[in-house]
Each structure stands twice: as C-alpha cells, then as structure tokens.
Amino acid sequence: MDKPDEKPRPRFKLPLYGQLKEHVSFSELKLFNECQWRWLLRKVMGHDVIDRSFQMDFGKAVHSGMEVLYSPDGTVEKATAHALAMYDEALGTLQLTHPSDIAEATRIRDSIPQFYRDCLVSPELKGITTLRSELALMLPINRTDGLELKFKGFIDIVFVKKTPGGKKTVIYIADFKTCQWGWPRDKLGDISVTAQILLYKHFFCKLTGADPKNVKTAFILLKKKPRKDDITVQVLDVSPGPKMVSHAIEWMQQTITDMHRYDYEQNYNACRSEWVDRETEETRRAECQFLGTDLCPGSAEAWAGS
Ligand code: SF4
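What you see is a predicted model; the values in this text were computed from it and never measured.

What counts and how
- Residues numbered from 1 in each chain as written.
- Predicted model: local features only at pLDDT ≥ 70, side-chain atom pairs only at ≥ 80, totals over all residues.
- Helix = DSSP H or I, 4+ residues; strand = E, 2+ residues; numbered from the N terminus.
- Rg over C-alpha atoms; globule rule 2.2 N^0.38 Å.
- Buried ≥ 20, exposed ≤ 12 C-beta atoms within 10 Å, placed from the backbone.
- Contact = placed C-beta atoms within 7 Å.
- Axes fitted to C-alpha atoms, helices over the stretch in contact; angles between N-to-C directions.
- Parallel < 35°, antiparallel > 145°, perpendicular 65-115°, else oblique.
- Nonpolar A, V, L, I, M, F, W, Y, C, P; charged D, E, K, R; others polar.
- Near = placed C-beta within 6 Å.
- Domains from an automatic or database assignment.
- Core = buried A, V, L, I, M, F, W, Y, C linked by C-beta atoms within 7 Å.
- Expected span 1.5 Å × (residues − 1).
- Bend = angle between axes of the 7 residues up to and from the residue.
- Arc of directions from axis to C-beta.

### With respect to the overall build of the protein
- Broken down by element type, the protein carries eight helices and 10 strands.
- Taking 2.2 N^0.38 as the reference for a compact globule, 306 residues should give roughly 19 Å; the C-alpha atoms of the protein span a radius of gyration of 21 Å, in line with that estimate.
- Within the span of the protein, comprising 306 residues, buried residues form 27% of the whole.
- For the protein, contacts bridging at least 24 residues in sequence account for 68% of all contacts bridging at least 6.

### Some remarks on the packing of helix H1 (residues 26-34) against helix H2 (residues 36-44)
- Running from N to C, H1 and H2 point in directions that differ by 130°, and their axes come no closer than 5 Å. Taken together, H1 and H2 sit at an angle that is classed as oblique. On H2, the residues touching Glu28, Leu31, Phe32 and Glu34 of H1 are Gln36, Arg38, Trp39 and Lys43.
- Looking at the contact of H1 with H2, its residues break down into three nonpolar, one polar and four charged.

### Focus on the site of the ligand
- Around the ligand, 14 residues are found, and the nearest of them are Cys35, Arg38, Cys271, Cys288 and Cys296.
- Counting residues per element, the shell around the ligand draws most heavily on H2, at three residues.

### A look at the domain arrangement of the protein
- In terms of domains, the protein is made up of domain 1 (21-42 + 122-267) and domain 2 (52-116).
- On a C-alpha basis, the centroid separation for the pair domain 1 and domain 2 is 23 Å.
- Across the boundary between the two partners, domain 1 contributes 11 residues, which contact 12 residues of domain 2.
- At the level of elements, strand S3 (129-141), strand S4 (149-162) and strand S5 (169-179) are the ones that each hand at least two residues to the side of domain 1 that touches domain 2.
- Here the side of domain 1 that touches domain 2 gets three residues from one element, more than from any other, and that element is S3.

### Here's the deal with the environment of Cys119
- Tracing the backbone shows Cys119 in helix H5 (residues 99-121).
- Residue classification places Cys119 among the buried residues on the basis of 25 C-beta atoms within 10 Å.
- The spacing of Cys119 and Lys224 is 105 residues in sequence and 14 Å in space, taken between C-alpha atoms.
- When near neighbours in sequence (up to four residues on either side) are disregarded, Cys119 contacts Leu69, Leu125 and Val233.

### Remarks on the nonpolar core
- Core analysis: the largest hydrophobic core is formed by 57 residues, its most contacted members being Val62, Ile173, Leu199 and Tyr200.
- The greatest single-element share of this core, amounting to seven residues, is contributed by helix H6 (residues 191-208).
- Once residues within four sequence positions are removed from consideration, Val62 is found in contact with Ala83, Ile112, Phe115, Thr178 and Leu222.

### Quick word on the environment of Arg284
- With respect to the element layout, Arg284 can be found in strand S10 (residues 283-287).
- What makes Arg284 partly exposed here is the crowd of 13 C-beta atoms within 10 Å.
- Separated by 184 residues in sequence, Arg284 and Ser100 have C-alpha atoms that sit 9.9 Å apart.

### Observations concerning H6
- Counted at 1.5 Å a residue, the expected span for H6 with its 18 residues is 26 Å, and the 25 Å between its end C-alpha atoms agrees.
- The largest bend in H6 amounts to roughly 25° and is located at Ile197.
- Gly209 lies just past H6 and shows a positive phi near 75°.

### Quick look at the environment of Gln114
- Summarising the element assignment, Gln114 is placed in helix H5.
- For Gln114, a count of 18 C-beta atoms within 10 Å corresponds to the partly exposed category.

### What to know about the packing of H6 against helix H7 (residues 242-259)
- At a minimum axis distance of 8 Å, the contact between H6 and H7 shows a crossing angle of 105°. Overall, the two elements H6 and H7 adopt an arrangement that is roughly perpendicular. Within the contact between the two elements, H6 uses Ile191, Thr194, Ala195, Leu198, Leu199, Lys201 and His202 and H7 uses Met244, Val245, His247, Ala248, Ile249, Trp251 and Met252.
- For the contact of H6 with H7, the per-class residue count stands at 10 nonpolar, three polar and one charged.

### Overview of helix H4 (residues 76-91)
- The first and last C-alpha atoms of H4 sit 22 Å apart over 16 residues, in line with the 22 Å expected at 1.5 Å per residue.
- Among the residues making up H4, those that are buried are Ala79, His82, Ala83, Met86 and Tyr87. Taken around the axis of H4, the buried residues stretch over an arc of 120°, which confines them to a single face. Exposed and facing more than 90 degrees away from the buried side of H4 are Glu77, Asp88 and Glu89.
- At its buried positions, H4 is contacted by helix H3 (54-69) and H5.

Okay, here's the thing in structure tokens:
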C-alpha cells in the first residue's frame, strides 16, 4: 500500500500546565516532533504506555550486554550470557502470536553472541579504552524565557582512541543502535536522528569541561541481518563540528518552545507506518495506540477508506 497523500494537520489551543516538567530527554523531543498530539497525550495528559515489543526487549538486552563487555573485567562470554538471560526473561513475559514474530524473535536471539565477538574484531573499535558506559547526564538547559529545565540522557559508551599515527588521543561518545542491515545513506542527514549524539556531546563537554575539539561522536550499529561478508558491528561517525552542534541545540530549544506554546498539532501522517519484511517479503503494519479513539478526534475520519 502506498503512503497516503499528506493529510491535514489540525491544531488545538489548550490551557494545560503539565508541560512544566523538570527535565526533557532526546526521546521526548523526538516524540514531540513526530506528533505533538501523541506527545501531549502521553507525556502531559498521562496516557503513557509501556512500550513493549520483542525488538525493544532485544535492543535493551544487547545494550546491557555491551555494558558488561566494556566493563573493566568484561568478556564476550560474560556479555553474551548476560544479554541472553535478559532477553529470555523478557520474552517469557511477552505473548507472541504472529508466526513471523516468533520466528524472528528466535532468529535474533541466535545473533546475540556475534555482536560481542564482532566488537572485538571491528577495525574501528580495536584498541579503544573504555572510560564509562551508561554515563548519566542531567544538566541545565540555558533558556532566555525563564523556563528552568534540565537535559536528561544516558551516553551508552565513552571511550578514548589514538588517532592514526598514534600522536593524539581523542574521546569518543557513542550510542549503540540495533538495526536490520544498516542505515540508509541519508539517515545521518536527519537532524532528528543526529541531534541525539550531538546534544550528548554538548552536555558531556559541559559536564566534564572537555574541549569540544577533542570529542568525537558516533553511532555504533549492531546489525541483526548484516549483508553477506559484512560483520554485525559498524561505527558511523557523526560530524560533531560547532555548526552541527549549534543546529542540534537550536532544534532542541525550538522544540521546547513549541512544547510550551499550548497549541498542538495532530499529525495524521504519523498515525500508521508499514514496512516490508526483507526476509519474508510480508507487509507489516504498526499504528498509533490513539488512532480512531476519542483521545484523538478526527483521526478515524482522516484514515477512513485508506
Ligand atoms: S492517532 Fe495520529 S494524530 Fe493521533 S496522536 Fe496518534 S499519531 Fe498523532
């Protein structure tokens, strides 16, 4: 099914006050930019849901295993055992019914040990020294409108690495991302993707006093279905120059301003997504939990007949 034509985006002015929270995270900023109404329902009006899927449980388990791998006495075996136990425990509480889901949940489980083995042979990760994993950030955001807000985040891993030639040492901050085969080429051109790691860099430098010129940023992709002859781990450097970081800060500041305008848009274009499973070639669909409910007026009509 083709993506439907761009749908109208009605706006509503609401006299709410629950927006005034102590902190904001990148995922909340991203949620707001996807659909302001969904953000309002979940984060302000309390209709939040605990997102659960086997893919999310898998991502959490693999992330947690990475923490073990890069801890002072971490090994591939310890990381694998930790991630498998965590994933198995989570799967035991999920009721998977779709045959494709059951097959996929098992298949990706089998891929877990390879991530940790590949981290050790990845050319980009060879010779790194881990400084921290899961570094917590909770720092004030400078605002000119009097809002007192902090930025909250967790940096998956901070490590140091020698530059080619070994003359200089550079600090890297990186975020692990599980994915299927990799990322499309243009994904790093999307500010709503790169802002995460760029904001982490900005607040990391604030926290530690590190010279921004000496701090690089990367996403570390963990591929569930790497292409033939590819390893499962790929380090994608994100250009962390001052312009890019400023752009990410502007994106964050504008989003916070919009969150406090008391005027929110329903983005019907974000109600549904669909994709083709590369292995089974089956079309899969997902939809927003508020689609067609009284909490999102007009959404049912917007999608009627699609
Ligand atoms: S149903 Fe669509 S418009 Fe409504 S909250 Fe969800 S994504 Fe937004």
